[in-house]
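Analysis of the macromolecular model
Now for the letters of each chain:
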Amino acid sequence: GENVGLHLPTLSVQEGDNSIINCAYSNSASDYFIWYKQESGKGPQFIIDIRSNMDKRQGQRVTVLLNKTVKHLSLQIAATQPGDSAVYFCAEMSGSARQLTFGSGTQLTVLP
Amino acid sequence: DGGITQSPKYLFRKEGQNVTLSCEQNLNHDAMYWYRQDPGQGLRLIYYSQIVNDFQKGDIAEGYSVSREKKESFPLTVTSAQKNPTAFYLCASSIGGNQETQYFGPGTRLLVL
């Protein structure tokens with residue numbers, strides 16, 4: 001039968017605008033978080049990470065914010081470019097096994 | 001050129017056949033992982049290995065097997081017991097210990113004939 005995939009949340013932004021991608025994580029014991037970017041047909045690419053003892057971390061054009069009170073993570077991309085179009089995943093890690101649990105992703109589309 | 005390589009890029013499986021996906025890394029990472037990705041979904045952990053000659057089941061290990069005889073290599077076999085093998089398979093590695101960041105290979109797309 002036909003394989004119907006899930007519809008990802010989508011975000012469309014104009015080139016040059018700032019993007020904010022949100023992620024609600026599930027485990028209050030998670031102590032490490034990563035944002036990945038995945039282009040179509042490729043493996044995920046590491047963007048930025050943050051530990052639970054921080055609430056903000058900045059990289060080149062990207063900022064990750066962590067709100068442990070409401071279990072919320074966000075990725076801010078400044079001056080969004082066409083090359084930023086991709087699916088963005090957040091991942092959380094907890095426990096002694098140190099396994100990553102991935103969210104379902106957000107499709108970012110940059111409009112010219 | 002350091003990194004993680006996966007081969008082949010596309011793999012076709014006939015019903016009842018076992019197929020093996022290759023994953024090699026030259027990053028000197030201790031830990032390696034296999035994930036499955038279905039359309040429009042996140043990654044699910046199949047197996048992982050923290051050190052040579054040791055591996056653990058992930059969340060969806062049924063129908064899969066692995067080996068870790070060398071630090072650089074972590075092949076995944078999709079057995080005939082896996083009834084829905086069509087997916088994008090991703091291999092990752094991390095330094096290990098307290099260094100948890102996982103870096104991914106380019107993936108192998110498995111299709112059933």
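The paragraphs below set out a description of the structure included in this document.

Quick notes on the rules
- Residues numbered from 1 in each chain as written.
- Chains lettered and ligands numbered in written order.
- Predicted model: local features only at pLDDT ≥ 70, side-chain atom pairs only at ≥ 80, totals over all residues.
- Heavy atoms only, no water.
- 1 Å grid on protein atoms, 1.4 Å probe; cavity = no way out; pocket = protein on both sides within 12 Å on 5 of 7 lines; lining within 4 Å.
- Points joined across faces, edges and corners; volume = space filled by probe spheres on them.
- Helix = DSSP H or I, 4+ residues; strand = E, 2+ residues; numbered from the N terminus.
- Polar contact = N/O pair within 3.5 Å; in protein donor to acceptor, adjacent residues only side chain to side chain.
- Contact = heavy atoms within 4.5 Å.
- Core = buried A, V, L, I, M, F, W, Y, C linked by side-chain atoms within 4.5 Å.
- Buried < 20%, exposed > 50% of the residue type's maximum accessible area, 1.4 Å probe, protein only.
- Phe/Tyr/Trp six-rings, centres within 6.5 Å; stacked < 30°, edge-to-face > 60°.
- Lys NZ or Arg CZ within 6 Å of the ring centre and 35° of its normal.

Next up on the list: the layout of surface pockets. By volume, the largest pocket is sized at about 310 Å³. Taken together, 18 residues make up the lining of the largest pocket; nearest its centre are A:Gln38, A:Ser40, A:Gly41, B:Gln37 and B:Gly40. Tallying contributions element by element places strand β8 (residues 86-94) of chain A first for the lining of the largest pocket, with three residues.

Residues and elements named next belong to chain B. In this fold, Asp-38 is placed in the loop between β4 (31-37) and β5 (43-51). Of note is the side chain of Asp-38, whose polar atom sits 3.0 Å from the side chain of Arg-36. For Asp-38, the residues in contact, after removing those within four places along its chain, are Arg-44, Thr-86 and Ala-87.

Right, let's get into the environment of A:Thr101. All names here are of chain A. One can find Thr-101 in strand β9 (residues 99-102). Residues Thr-101 and Cys-90, 11 residues apart in the sequence, show an inter-C-alpha distance of 8.5 Å. Excluding anything up to four places from it in sequence, Thr-101 contacts Cys-90, Ala-91 and Glu-92.

Let us now look at the nonpolar core. Counting residues in hydrophobic clusters, the biggest one holds 20 residues, and the most contacted among them are B:Leu21, B:Trp34, B:Ile46, B:Leu76, B:Val78 and B:Tyr89. In this structure, B:Leu76 is in contact with B:Val19, B:Thr20, B:Leu21, B:Trp34, B:Ile46, B:Tyr64, B:Ser65, B:Val66 and B:Tyr89, ignoring residues within four places of it in sequence.

Another point: the packing of aromatic side chains. Using the criterion set out here, one finds 12 aromatic pairs over all chains in the structure. Taken together, a centroid distance of 5.2 Å and an interplanar angle of 90° make the contact between A:Tyr36 and B:Phe104 edge-to-face. One end of the pair, A:Tyr36, is in strand β3 (residues 32-38); the other, B:Phe104, is in strand β10 (residues 103-104), on a second chain. Across the pair, B:Phe104 and A:Tyr36 agree in class, each one buried. Connected via pairs of aromatic rings, a cluster forms that spans A:Tyr36, A:Phe46, A:Phe102, B:Tyr33, B:Tyr35, B:Tyr48, B:Tyr103 and B:Phe104. The side chain of B:Arg68 reaches across the aromatic face of B:Phe74, ending 6.0 Å from its centre.

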